[in-house]
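If you want the building blocks of each chain, they are given just below.
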Amino acid sequence: AVFRTPNIDAPFGSTYAFGDFTHQTILNYSSAVQLFRTLKFKTVNVMPSSVMFTNPLKTLFRKLFWWKAVLFLKSILMASGKSTKDVIFSPNIIIVAQK
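Keep in mind that this is a model prediction, so the values were computed, not measured.

Enquirer: How do you make sense of the overall build of the chain when you look at a structure like this?
Expert: Secondary structure assignment for the chain yields 3 helices and 3 strands. Walking the chain from its N terminus toward its C terminus, one meets helices and strands in the order β-α-α-β-α-β. If one aligns the C-alpha atoms of the chain with their principal axes, the spans along those axes are about 40 × 35 × 25 Å. When each of the 99 residues of the chain is scored for burial, the buried share is 30%. Here the contacts in the chain between residues at least 6 apart in sequence split such that 69% fall between residues at least 24 apart. Accessible surface, the chain as shown: approximately 7200 Å² in total, 64% of it carbon and sulfur.

Enquirer: Help me understand the nonpolar core, please; the structure alone is not making it clear to me.
Expert: Across soluble globular proteins, nonpolar side chains have a tendency to be buried as a group. One finds Leu 27, Ala 32, Val 33, Phe 36, Phe 41, Val 44, Val 46, Ile 88, Ile 93, Ile 95 and Ala 97 forming the largest nonpolar core, which totals 11 residues. Residue assignment for this core shows that the elements contributing at least two residues are helix H2 (29-38), strand S2 (43-49) and strand S3 (92-98). In contact with Phe 36, not counting residues within four places along its chain, are Phe 3, Phe 41, Val 44, Ile 95 and Ala 97.

Enquirer: Would you mind showing me how to read the sheet that holds S2 here?
Expert: As summarised here, the arrangement of the 3 strands in space is S1-S3-S2, forming an open sheet in which the pairing is antiparallel. A strand with exactly one partner marks an edge of an open sheet, and here the two such strands are strand S1 (2-6) and S2. Adjacent strand axes in the sheet meet at a mean angle of 25°, parallel and antiparallel pairs treated alike. Judged from the 7 bridges that link them, S2 and S3 form a sheet pairing that is antiparallel. Across the sheet, residue Pro 48 finds its bridge partner in S3, namely Ile 93.

Enquirer: Looking at this structure, how should I read the side chain of Arg 62?
Expert: Relative to the helices and strands, Arg 62 is located in helix H3 (residues 56-79). In this structure, Arg 62 is buried with no salt-bridge partner, the nearest side chain bearing the opposite charge being Asp 9 at 15 Å.

What counts as what
- Sequence order as written defines the numbering, with residues in each chain counted from 1.
- The model is predicted, so local features are restricted to residues of pLDDT at least 70 and side-chain atom pairs to those at 80 or more, both for listing and for counting; the totals for chains, interfaces and linings are taken over all residues.
- Hydrogen atoms and water are omitted, and side-chain values are computed over all heavy atoms in the structure.
- Runs of H or I in DSSP of at least four residues are treated as helices and runs of E of at least two as strands, each being numbered from the N terminus.
- Each residue's exposure class comes from its accessible area (1.4 Å probe, protein chains only) as a fraction of the maximum for that residue type: buried when under 20%, exposed when over 50%, partly exposed otherwise.
- Any two residues whose heavy atoms approach within 4.5 Å are treated as being in contact.
- Using a 1.4 Å probe, accessible areas were evaluated by the Shrake-Rupley method; residue-level cover was limited to the displayed protein chains.
- What makes a nonpolar core is a set of buried Ala, Val, Leu, Ile, Met, Phe, Trp, Tyr and Cys residues whose side-chain atoms join them at distances within 4.5 Å.
- At least two DSSP bridges between two strands are needed for those strands to be called paired.
- Axis geometry follows a simple rule: fit a line to the C-alpha atoms, using only the stretch in contact for helices, then measure angles between N-to-C directions, giving values from 0 to 180 degrees.
- We score Asp and Glu as negative and Lys and Arg as positive, and we do not count His or the chain ends.
- We count a salt bridge whenever a side-chain nitrogen from Lys or Arg sits within 4 Å of a carboxyl oxygen from Asp or Glu.

Shown next as structure tokens:
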């Protein structure tokens, strides 16, 4: 099974999560793994969903800016004592689960 869903761990995650009334459950990496393991899926992979631009200059700028933004966000989490191992910051996540 393959799913794409808003990621509540993203900066401004509630904007994506509540931007559509059909979003009933809000997930992040950890809750997605927990949900699909509870549903008896044997393997669960959760990955970031990236934004692609057709303009190569915009793509380069976004990659450079995003790298710095993620570094900043991870440093805030580390300073507050939270592990950054299972945190994805992209606006959406892709979940691939197999029974």
